[in-house]
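Spelled out from the first residue to the last, the chains are:
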Amino acid sequence: MRIILVTLAAFVAAGFGAWAQDDENSGLECTSIVVGRLASTDGSVMTSHTCDGTSHTWVNIVPAKDHKPGSMTPIRKNWRKTKFVTDTAGIKIVGEIPQVAHTYSFVNTGYPSLNEKQVGIGETTFTGPDTLINHDAPLLIEELCRLAMERAATAREAVKVMGSLAEEYGYGDGGECLTVSDPKEVWQFEIVGVGKHRIGAAWAAQRIPDEHVGISANIPRIGRIDRADTVNFMASDNLEQVAIDNGLWDGKGDFVFWKVIVCSYAQGRNYREREFRVFDLLAPSLGLKYGMEDFPFSVKPDSLVDVRKVMALLRDTYEGTEWDMCKNWTIDVPEKDGVPAHKERSPLANPWLTTPMRNTLNSIAPGVIDFRRTLAVAWCSYSTVIQSRSWLPDGIGGVCWYAVDNPAQSPRIPIFCGSTKLPAAFEKCGQKEYYPNSVLWEFRRANKLATLSWQKTKKEFTDNVLEMEAMTFEGLPELEAEYSKATPRKRARLLNAYTAEIHDKCAARWKELEAKYWSMFGLSLIHISEPTRPLYIS
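So, here is what we can say about the structure in this document.

### Concerning the overall build of the chain
Counting its secondary structure elements, the chain contains 13 helices and 22 strands. Radius of gyration (C-alpha) of the chain: 24 Å, near the 24 Å computed for a compact globule of 538 residues. Across its three principal directions, the C-alpha atoms of the chain cover 80 × 60 × 45 Å. For the chain, the proportion of its 538 residues judged to be buried stands at 59%. Contacts in the chain between residues at least 24 apart in sequence constitute 73% of all its contacts with a sequence separation of at least 6.

### Some thoughts on helix α3 (residues 155-169)
Counted at 1.5 Å a residue, the expected span for α3 with its 15 residues is 21 Å, and the 21 Å between its end C-alpha atoms agrees. Buried within α3 we find A155, A158, V159, V161, M162, G163, L165 and A166. Phi turns positive, to about 105°, at G170, one or two residues after α3.

### Focus: the pattern of salt bridges
For the coordinates displayed, the defined rule picks out 32 salt bridges. For the salt bridge of D210 with R37, the shortest nitrogen-to-oxygen distance reads 3.4 Å. With D210 in the loop between β14 (202-207) and β15 (213-216) and R37 in the loop between β2 (32-35) and β3 (45-52), this pair connects stretches of sequence that are 173 residues apart. A salt bridge links E150 to R146; the nearest nitrogen and oxygen atoms lie 3.2 Å apart. Of the two residues, E150 and R146 are both situated in helix α2 (residues 141-151); the distance of four residues between them amounts to about one turn of the helix. An identical accessibility class is assigned to E150 and R146; each is buried.

### Quick word on the nonpolar core
With 109 residues, the main nonpolar core has V180, I191 and I415 as its most contacted residues. By residue number, the principal contributor to this core is helix α13 (residues 488-521), which donates ten residues. If sequence neighbours within four positions are ignored, I191 has contacts with F126, I141, L144, A166, Y171, G174, G175, E176, A201, A202 and W203. Core analysis: the next-biggest nonpolar cluster, separate from the first, contains 29 residues, V45, A202, A204 and I261 among them.

### Notes on the packing of aromatic side chains
Taken as a whole and judged by the stated rule, the model has 21 aromatic pairs. Relative to Y290, the ring of F276 has its centre 6.0 Å away and its plane inclined at 80°; by these criteria the two rings are edge-to-face. Of this pair, F276 sits in helix α6 (residues 273-282) while Y290 sits in the loop between α6 and α7 (307-314), and the two are 14 residues apart along the sequence. Overall, Y290 belongs to the partly exposed group, its relative accessible area being 31%. Ring geometry for F416 versus Y498: centroids 6.5 Å apart, planes at 55°, classification tilted. You can see F416 sitting in strand β21 (residues 413-416) and its partner Y498 sitting in helix α13, a full 82 residues away along the chain. Judged on exposure class, the residue F416 and its partner Y498 are both buried. What links up through ring pairs into an aromatic cluster is the set Y271, F276, F279, Y290, F295, Y318 and W323. Taking NZ or CZ as reference, R444 lies 5.3 Å from the ring centre of W441, over its face.

### Some words on a positive patch on the surface
On the surface, a cluster of positive charge is contributed by K485, R489, K490 and R493. The leading source of residues in the positive patch is α13, at three residues. For R489, the position within the fold is in helix α13. Look at R489 and you get exposed, because its relative accessible area is 68%.

### Observations concerning the packing of α7 against helix α11 (residues 454-474)
For the pair α7 and α11, interaxial distance at closest approach is 12 Å and the crossing angle is 160°. Relative to α11, α7 is oriented roughly antiparallel. As for the relative orientation of α7 and α11, their crossing is right-handed in sense. Across the interface between the two elements, V307, R308 and M311 of α7 pack against L466, E469, A470 and F473 of α11. Across the contact of α7 with α11, the residue classes tally to five nonpolar, no polar and two charged.

### As for the pairing of strand β6 (residues 72-77)
Residue alternation in β6 divides its side chains into a buried set, T73, I75 and K77, and an unburied set, M72, P74 and R76. Relative to strand β7 (residues 92-98), β6 runs antiparallel, the two sharing six bridges. Looking across to β7, one finds that R76 is bridged to I93.

The rules we used
Residues numbered from 1 in each chain as written. Predicted model: local features only at pLDDT ≥ 70, side-chain atom pairs only at ≥ 80, totals over all residues. Heavy atoms only, no water. Helix = DSSP H or I, 4+ residues; strand = E, 2+ residues; numbered from the N terminus. Rg over C-alpha atoms; globule rule 2.2 N^0.38 Å. Buried < 20%, exposed > 50% of the residue type's maximum accessible area, 1.4 Å probe, protein only. Contact = heavy atoms within 4.5 Å. Expected span 1.5 Å × (residues − 1). Salt bridge = Lys/Arg side-chain N within 4 Å of Asp/Glu carboxyl O. Core = buried A, V, L, I, M, F, W, Y, C linked by side-chain atoms within 4.5 Å. Phe/Tyr/Trp six-rings, centres within 6.5 Å; stacked < 30°, edge-to-face > 60°. Lys NZ or Arg CZ within 6 Å of the ring centre and 35° of its normal. Patch = residues over 30% accessible without salt bridge, like charges linked within 9 Å, V, L, I, M, F, W, Y side chains within 5 Å. Areas by Shrake-Rupley, 256 points an atom, 1.4 Å probe, with all protein chains shown as cover. Lys, Arg positive; Asp, Glu negative; His and termini not counted. Charge placed at Lys NZ, Arg CZ, Asp CG, Glu CD. Axes fitted to C-alpha atoms, helices over the stretch in contact; angles between N-to-C directions. Parallel < 35°, antiparallel > 145°, perpendicular 65-115°, else oblique. Left-handed = near helix turned anticlockwise from the far one by under 90°. Nonpolar A, V, L, I, M, F, W, Y, C, P; charged D, E, K, R; others polar. Pairing = 2+ DSSP bridges.

And the structure:
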């Protein structure tokens, strides 16, 4: 066994290797977990989204609006990379389409995520065959989200709006899945283009059974499409013909969407690690095994699922399993004061290393880090858990539980359907420039410092996440009671104030953690109880 002395400089590199974890596989952007109303503890319908990449993290509330007859709405590209709410740099207007008479208000995240009717959207990319992508077509997936938020009062209506507009005006993205919810049901909508130089779209949508949970994680999940079952399926009329025209299907046998719309990341199946992990945690009685030919589209959980369980799932890194990327990252501790020499997990071990750092460690000790795509990743821009509740008025019944940066590290701040104003920190992004008072950097600073010695900071950090989460939920019953008695104008003020209160308390706590970790790590960027003691990787 080769023993390598790791110097302080190497520790510094290892620590900052977690600063900007990158993605060694293309198309691994985003995860969405969905929950039907009879699968949840309280009758909520849920969707979610880890927006993994460099999407903007600013958020604003777009108000409802009436439009004059003959009005048009512009179709834009590149706005998901803007730096602040009013930034127009780099945005391209690529066309316009007729506007509707009235548009709904919505929470304008990187992918617009919740409107005033409690319609929610999550997103994941599966790319699919590049022969289907027409980059000159105008409608990107984020614009379809916006149009659905503005125009749809139900999830089913949102699917129809997006499908019909993409067919008519042209879809210009790779394969995408949108998980679309409302207080009654949730759908998975999967869409692709129709060819490199063709205008149109091909799509399918399948309803998650009310008593089931589902997941989309960069792999198409829809299988056979029963067009006669209009309650549970929708699809474009051209779907099968597009597959034939592009050499993806010979027209014989069953048309199975995920098999025809080939996704290289899927490796010939309709699932990988994340799908297995979520289904195994929620429905272990099914006995699903990694390596099976395929997985069911959705599953009935063994126990009912609450919104905090979804939040916990989005924090998951496979800890304690065979896919735990920290399990082999150990150090040799020499004998001292009668304590025999032994191995222990390195304080530096964390599941969010960059590819160069993983490669460095694997060069020193081959096989130490076996990369697995976890649910929580450090390259996440923001994440949402959307909760729609039919028994409450829309204004407070729909909640966007919003967090920035790594979903395993940041607390969630509630934004409601009836919110009209967000704290000033939400106005700037921080992805391209350092804005110290932006919501992203209010949390990212402490998050990244904590990973310098994650095995030492993990418990305290996670405890703080859970404490802030508990505080937020404890205040909801009183807020809901006040809301029910308030005038319409006061209702908005109540919601805005609650969001601001939770944000301010969370940001203050993370500032305290940041200060603590600078004190811990500031001298050497690594906290070692005995600075002169050599550490070893074996």
